[in-house]
Amino acid sequence: MSETKIQSNKLLCGDAMSEMKKMEDASFDLIFTSPPYNMKTNVGGALATKCRSDLWKNPELLNGYESYGDDLPYPDYIEWQRECLQEMMRLIPEDGAIFYNHKYRIQKGKLLDRSEIIDGFPLRQIIIWSRSCGVNFNRNYFLPTYEVIFLIAKPQFKLRQGASGLGDVWTIPPEKKNPHPAPFPLELPLRAIGATNAKMVLDPFMGSGTTGVACSKLGVDFTGIEISQKYVDEARTRIQIHNQTGQERKSSSYTNCSKQ
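Remember, it's a predicted structure, so these values are computed and weren't measured experimentally.

S.K.: An account of the sheet that holds strand 1 (residues 10-13) is requested, with residue identities and associated values reported.
M.R.: Where strands meet in a sheet, backbone hydrogen bonds hold them as pairs that are either parallel or antiparallel. Read across the sheet, eight strands follow the order 1-10-9-2-3-7-6-8 without closing on themselves; strand pairing throughout is mixed. Only two strands of the sheet have a single partner each, and these edge strands are strand 1 and strand 8 (169-171). Strand-to-strand twist of the sheet, defined as the mean angle between neighbouring strand axes without regard to direction, takes the value 20 degrees. Where helix 3 (residues 74-91) meets the sheet, its contacts fall on strand 2 (30-33), strand 3 (97-102), strand 7 (146-153) and strand 9 (200-203), and the angle it forms with strand 3 comes to roughly 155 degrees. Taken strand by strand, helix 5 (residues 187-194) contacts strand 2, strand 3, strand 6 (123-130), strand 7, strand 8 and strand 9, and its axis lies near 160 degrees from that of strand 2.

S.K.: Which residues make up the pairing of strand 6, and what are the values?
M.R.: The two faces of a sheet get side chains in turn, since along a regular strand they alternate between them. The pairing of strand 6 with strand 7 spans seven bridges and is classified as antiparallel. Residue glutamine 125 lies in a different strand from strand 7, and its bridge partner there is leucine 151. Where strand 6 and strand 8 come together, three bridges link them in parallel fashion. Following the sheet pairing, isoleucine 128 is matched in strand 8 by valine 169.

S.K.: Go over the nonpolar core, please, and point to the residues and values.
M.R.: If you look at the biggest cluster of nonpolar residues, it comprises 33 residues, and the most contacted ones within it are Leu30, Phe99, Trp170, Leu188 and Ile193. Listing elements by their share of this core, those giving two or more residues are strand 2, strand 3, strand 6, strand 7, helix 5, helix 6 (210-218) and helix 7 (229-244).

S.K.: Any chance you could break down the packing of aromatic side chains for me, citing the residues and the numbers?
M.R.: Using the criterion set out here, one finds six aromatic pairs in the structure. Aromatic side chains tyrosine 77 and tryptophan 80 sit 6.0 Å apart centroid to centroid with 65 degrees between the ring planes, which places their arrangement in the edge-to-face category. Linking tyrosine 77 with tryptophan 80, this pair stays in helix 3, spanning three residues, or about one helical turn. As far as burial versus exposure is concerned, tyrosine 77 and tryptophan 80 are alike and both buried. Between the aromatic rings of tyrosine 100 and phenylalanine 150, the centroid separation amounts to 6.4 Å while the plane-to-plane angle is 35 degrees, which identifies the pairing as tilted. Pair noted here: tyrosine 100 is in strand 3 and phenylalanine 150 is in strand 7, with a separation of 50 residues, a long-range link. The residues tyrosine 100 and phenylalanine 150 share a single accessibility class, namely buried. Three or more aromatic residues joined by ring pairs make a cluster, and in this case those are Phe32, Phe99 and Phe184.

S.K.: If you had to explain the pattern of salt bridges to someone new, which residues and values would you point to?
M.R.: Within the structure shown, the criterion is met by eight salt bridges. A salt bridge links lysine 154 to glutamate 94; its shortest N-O distance comes to 3.8 Å. Of this pair, lysine 154 sits in the loop between strand 7 and strand 8 while glutamate 94 sits in the loop between helix 3 and strand 3, placing them 60 residues apart in sequence. With relative accessibility at 43%, the residue glutamate 94 sits in the partly exposed group. In this structure, a network of salt bridges that share partners links the residues Lys21, Asp25, Glu87 and Arg90.

S.K.: Explain the side chain of lysine 154 to me, and be specific about the residues and the numbers.
M.R.: A relative accessible area of 13% places lysine 154 in the buried class. Setting aside its immediate chain neighbours within four residues, lysine 154 contacts Met89, Ile92, Pro93, Glu94, Gly96 and Arg124.

S.K.: I'd like to hear about the pairing of strand 3, residue by residue, with values.
M.R.: Of all six residues making up strand 3, six are buried, and the element is well covered by its neighbours. Residues Ala97, Phe99 and Asn101 point to one face of strand 3 and Ile98, Tyr100 and His102 to the other, with burial holding for every one of them. Summarising the sheet, strand 2 and strand 3 pair through four bridges and their orientation is parallel. For threonine 33, the partnering residue across the bridge sits in strand 3 and is tyrosine 100. Relative to strand 7, strand 3 runs antiparallel, the two being bridged by six bridges.

S.K.: Help me get a handle on the confidence of the model for the protein chain, residues and values and all.
M.R.: With 75% of its residues at a pLDDT of 70 or more, the protein chain has an overall mean of 83. Counted against residues more than four places away or in other chains, residues 45-58, with its pLDDT under 50, gives 31 contacts. Between residues 246-260, whose pLDDT stays under 50, and residues either more than four places distant or in other chains, the model counts 40 contacts.

Analysis parameters
Residues numbered from 1 in each chain as written. Predicted model: local features only at pLDDT ≥ 70, side-chain atom pairs only at ≥ 80, totals over all residues. Heavy atoms only, no water. Pairing = 2+ DSSP bridges. Helix = DSSP H or I, 4+ residues; strand = E, 2+ residues; numbered from the N terminus. Axes fitted to C-alpha atoms, helices over the stretch in contact; angles between N-to-C directions. Contact = heavy atoms within 4.5 Å. Core = buried A, V, L, I, M, F, W, Y, C linked by side-chain atoms within 4.5 Å. Buried < 20%, exposed > 50% of the residue type's maximum accessible area, 1.4 Å probe, protein only. Phe/Tyr/Trp six-rings, centres within 6.5 Å; stacked < 30°, edge-to-face > 60°. Salt bridge = Lys/Arg side-chain N within 4 Å of Asp/Glu carboxyl O. pLDDT = per-residue confidence, 0-100.

So this is what it looks like as structure tokens:
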């Protein structure tokens with residue numbers, strides 16, 4: 001199989017695994033991504049009960065993503081995500097890292113902490129993304145108000161000088177104005193990427209391009225992969241709009257991303 005040379009700020013429409021397999025080893029300094037959570041297999045909670053709230057009046061995830069159903073059998077989902085992480089590990093150098101955003105779930109009275117996905121990978125730290133809100137009202141357990149970011153790092157990975165002061169609990173409100181069914185806020189990749197020395201970043205589950213917008217703000221080269229052409233077009237538009245506003249491009253922004 002021929003390998004694809006990475007081009008700066010490139011948006012690829014295709015399957016994450018297929019596209020990553022075309023890329024050369026150690027092509028990226030850093031990967032920041034949030035894969036589909038397989039939420040349509042959820043038993044209980046907002047999706048199953050079709051809960052509505054001020055935060056989530058019309059949960060688009062009830063219909064799945066534009067080009068993906070988000071409803072794999074659980075063993076298949078685990079296998080898929082482990083294969084994706086293995087490929088991501090190949091794409092970063094010995095001083096590289098992966099910020100892998102995911103969400104714990106409670107299914108049939110038991111916590112799924114995603115350890116089945118992460119087991120065997122070099123997990124260095126778990127960052128708590130405190131959203132300070134939620135819609136998964138259920139009398140069987142307390143309302144979940146956070147997600148996690150698994151920092152999976154190779155041996156020589158280090159943060160930028162002073163960035164460790166950001167701590168491991170990040171209080172960032174969720175994104176409310178993005179039409180994508182499962183967006184994360186811009187502040188999340190800004191904080192993570194800005195706390196590193198990365199110059200080339202990959203998001204293999206790009207969605208509407210939030211990681212790409214963050215990279216544009218930080219002056220970092222970006223490659224995104226997304227299976228939906230609709231979301232690729234949305235991502236391209238968002239990144240272009242940001243670039244056209246003439247906002248200052250920053251080589252470092254972790255100090256600017258510490259607002260709570």
